[in-house]
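Here's the letter readout for the chains.
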Amino acid sequence: MNSFNNTDHPIKWRYLVFIFILLAMFGYLLSGLVNLQLKSSEEYAEKSESRRTKTITLRGKRGSIIDSESVTLAEDELIYNVTFYKDASQNTRAEYASFTSSIIETIDIIEKNGGTIAVDFVIARDEETGEWAFAFGSGVSDSVLQKREKQWRSNLYLTSTTKYETAEQCITALKKRYRLVTSEEEAAAIAKEEEGSTQVDTYLVDEETMLKVMAIYSEMQMNVFNSQPIVIAKNVKYETVIEVETRSMVLSGMEISVGTQRVYPRSTLAAQVIGYIGAIPSQSTWETLRAKGYSYSDTIGRDGIESSMEDWLTQNSSLRQGSRVVERDNYSKIVRELSYTEPQDGNTVKLTLNASYQQQAERAIADNVSNTRDKQETLMVSDSWLETNKTDIANRDWEKYPMELAEHGCMIVLDMQDRVLAMANYPTYDLNALVAGGTEAVTILSDERNLLLNYGIHARGTPGSIFKMVTAYGALNEGELTVTERITDNGYYTKYNSDLSTAPKCWIGKNYRYKHQNQTIVEGLSNSCNYFFYELGSRLGEDRLYRYASLFGLTSKTGIDLLGEVRSVVGSQNTLYDPTKPVNEANQDTSLPIIVYNAIKKHLKNCGASRGLEYDDERLSTCAKRLMDMAVNYDESYWLDNMRTILMEELNMTKEMVYLQAVIGDTYNYMNDIKWGGGQTILTAIGQSVTTVTPIAVARYVAALANGGYVYNVSIIDSIISPEGEVLSQREPTLITQLENADLYLPYIKQGMKRVVDESGTASKYFSGWEYLDQICAKTGTAQVTAIDLENNGWFVCFAPYENPEIAIAVFIPHGYSGGETSLAAKEFVDWYMKQKDLRTTDYTLPVGNSIAP
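Bear in mind that the values here come from a model prediction, so they are computed numbers and not experimental data.

A. Structural detail: the overall build of the chain. A tally of regular secondary structure across the chain gives 32 helices and 23 strands. Its C-alpha radius of gyration of 39 Å places the chain more than 25% over the 29 Å reference for a compact globule of 854 residues. Counting over 854 residues, the chain shows a buried share of 48%. Contacts spanning at least 24 positions in sequence make up 71% of the contacts within the chain whose residues lie at least 6 apart. By element, 50% of the accessible surface of the chain is carried by carbon and sulfur atoms, the whole surface being about 41900 Å². Within the chain, the 113 negative side-chain charges are centred at a point lying 3 Å from the centre of the 82 positive side-chain charges.

Here it is as structure tokens:
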């Protein structure tokens, strides 16, 4: 019997149909996958290639600089910049043509709206020959220029010394690369050369536009591996922003970005203190900053507070940078933002300096320099002055040494804890003009008066009589002088020099010497009697005089937060020549040792040559150093025997030679120039000899006289404040020295300084009838520079008020004629200060009823 059941057939057929359909579906999907992998691979690869993920570094604002009353002295303001970006892989002729078209059009938009291109090209026409020439900078060494050229050639792929040796060859190659032509003939030649290949546009431009296009490409290539856009135009007008944004789809690589611009709202105020920002100046600086996250194109503080507080102010360090992760298309346009990290602003630096004080100080020092200059120019043509100085005038080589009159000045005001309230320089300059660049910046930088120099910390001058308070305090504290002892000016001081033609004497004329009789320390200071202080200097001696200068802070830096402060130098043997250090200006305190060293070498070389002997430089150097060291370490009575021994040992001189006066005489005289003696000590006691001091050190010294003998590190930074307003660092005065017995002896010194400005003092004619005469203690200083008195350095120091001093002032005018003339700035400032003080202390209580009666 057949067991097959006909009723099962439809079910089986349905299963077969289902399986068939299922297989068909899998087949379709498989064919689609093959199509995706094989047929569409080029399309998807092209899309992938056209989308590049890039990280754009973001920076906030540089921190502000404010004064003690929160007046803004420097800040960043937001501006619009035009930026350009080209990926390193975009190097086809078609891509270059697209970017060049974009650059040319963008340049036109920027310039028609009054903007300028912010980058320059390193090749330009030579002004004399008209030929193309490289211009990698000026004022730097050949090695630096070579390094710059090598880096540029490497980044622009122009390293072949055969194909691209000259600037003209480089120009030709870049024109071809960037699709630029400057004539119809060039365009036709390129078209013929590329005949048979895909035609790509070229762009006919003038030479000026060509160089701008090349400059933009060059700047991009120098930064290409940073994957960051470059700024091609800064602070553009809103019309430029609108037009570039409107045409952004066709301007390949171009974008508008928000940037910052450094602004100095008070323009010239405290310019040398605040400083300025600029490009990274050297490769070594760049290496240091790169480790902190800086880019080579970042700006940094280049001077003043901007430089010394760079780490606090900067927005460029990796700790404060933000970022945008974006996708760019094949036109280098951003099509999508993937992530955003907000950048942090730099911190605010608050100064101890007060803008009102600074403004008044700058006005006062400018007036003083101008008045002094006018007086000098009047005197130098007067019959009396010409007659008095006729011998010196006749003997001077005026072509080689022209007259130097007052043209600079510095005035520093400190409080009683050595905080800077004002640091005024004259002349000053416009910080905004310098940062902006252009012709105004060139004028500032090329000014022969060196406008960027901060005379308060960068200049030293012989102090003259303002040093006498050091000598006075040292003599009193060491018991070498009592407050009642009297010393009479006996004319020439002959203890160390009996030759009256060269022996030192006081500045006062013989017929007026009676005014300097029987002087106590008070009269000695008010009269500024040199003889008085010669005697005190002799009693103290070299070592103790130097030690008291050190206690007042005159042999060390002040610790102020400004770069480049030079150290004051006070006369002593080690100042004149320190045998423990190498003989060069970098190690010695003065230039005298290197002058003596070279003079001895030259003399000994000539002595040998005259006898047919030749000494190599190494032997001469060793011999000269031994002679100089011996001169310092031995008494003069032992010099001759030691000199002869050294000459025979080092130069193999014969016994006959070393006994010749022609050999020994000049050598002896040279050595004597670096040997300290009592004559040098007494000159140091009156602020002469090799002593030179900075205005900032002098101001601190005067503050110590006023505050009871306390010497602090000078501070100009009050605090550091975060962008959120948190005080990150509060600076407090640091005490360095407290003078012993200051309460016993400083009152007498103050009395002497108070009498400097009254009817008997050296500055009496400048303060006669002044309203605040009884509120000031002062000292003048006139330091001789040349035989012409008009070229003397002028110093004036003071503090006020007399009973409870609040401010200490130091004024320095190089070639300022006299200390009395230099007093005008301090007088003007103290007058203003006391009037402001009177206003602050005036009782303005309203009448009963809280209204003003009619």
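B. Representation of the sheet that holds strand S13 (residues 334-341) in the model. Taken together, the three strands give an open sheet; going across it, the order is S1-S12-S13, and neighbouring strands pair in antiparallel fashion. Each of the sheet's edge strands pairs with one partner strand only, and the pair in question is strand S1 (52-58) and S13. Shown here is a sheet whose adjacent strand axes are inclined to one another by a mean of 25 degrees, direction ignored. Where S1 meets strand S12 (residues 322-328), seven bridges bridge the pair, whose relative direction is antiparallel. Among the inter-strand pairings, Thr53 is bridged to a residue of S12, identified as Glu327.

C. Seen up close, the environment of Glu523. Relative to the elements of secondary structure, Glu523 occurs in helix H20 (residues 521-527). For the pair formed by Glu523 and Ile749, sequence separation is 226 residues and the distance between their alpha carbons is 9.8 Å. Aside from chain neighbours lying at most four places away, what touches Glu523 is Arg486, Ser528 and Arg755.

D. Just a negative patch on the surface, in detail. Judged by side-chain charge, Asp126, Glu127, Glu128, Glu131 and Glu168 come together as a negatively charged surface patch. With respect to the element layout, Glu131 can be found in the loop between strand S4 (123-125) and strand S5 (132-134).

E. Region of the structure containing the pattern of salt bridges. According to the stated counting rule, one finds 43 salt bridges in the structure shown. A salt bridge links Lys601 to Asp617, with the nearest nitrogen and oxygen atoms 3.0 Å apart. Residue Lys601 is found in helix H23 (residues 592-609), and its partner Asp617 is found in helix H24 (residues 617-633); the two are separated by 16 residues along the sequence. For Lys601, a relative accessible area of 11% puts it in the buried group. One salt bridge in this structure joins Lys837 and Glu806, with 2.5 Å as the shortest N-O distance.

F. Geometry of the packing of helix H4 (residues 142-155) against helix H7 (residues 207-222). Two elements in contact, H4 and H7, have axes whose closest approach is 9 Å; the angle formed by their N-to-C orientations is 95 degrees. Overall, the two elements H4 and H7 adopt an arrangement that is roughly perpendicular. Mapping the contact onto sequence places Gln151, Trp152 and Asn155 in H4 and Ser218, Gln221 and Met222 in H7. For the contact of H4 with H7, the residue count by class is two nonpolar, four polar and no charged.

The rules behind the values
Residues numbered from 1 in each chain as written. Predicted model: local features only at pLDDT ≥ 70, side-chain atom pairs only at ≥ 80, totals over all residues. Heavy atoms only, no water. Helix = DSSP H or I, 4+ residues; strand = E, 2+ residues; numbered from the N terminus. Rg over C-alpha atoms; globule rule 2.2 N^0.38 Å. Buried < 20%, exposed > 50% of the residue type's maximum accessible area, 1.4 Å probe, protein only. Contact = heavy atoms within 4.5 Å. Areas by Shrake-Rupley, 256 points an atom, 1.4 Å probe, with all protein chains shown as cover. Lys, Arg positive; Asp, Glu negative; His and termini not counted. Charge placed at Lys NZ, Arg CZ, Asp CG, Glu CD. Pairing = 2+ DSSP bridges. Axes fitted to C-alpha atoms, helices over the stretch in contact; angles between N-to-C directions. Patch = residues over 30% accessible without salt bridge, like charges linked within 9 Å, V, L, I, M, F, W, Y side chains within 5 Å. Salt bridge = Lys/Arg side-chain N within 4 Å of Asp/Glu carboxyl O. Parallel < 35°, antiparallel > 145°, perpendicular 65-115°, else oblique. Nonpolar A, V, L, I, M, F, W, Y, C, P; charged D, E, K, R; others polar.

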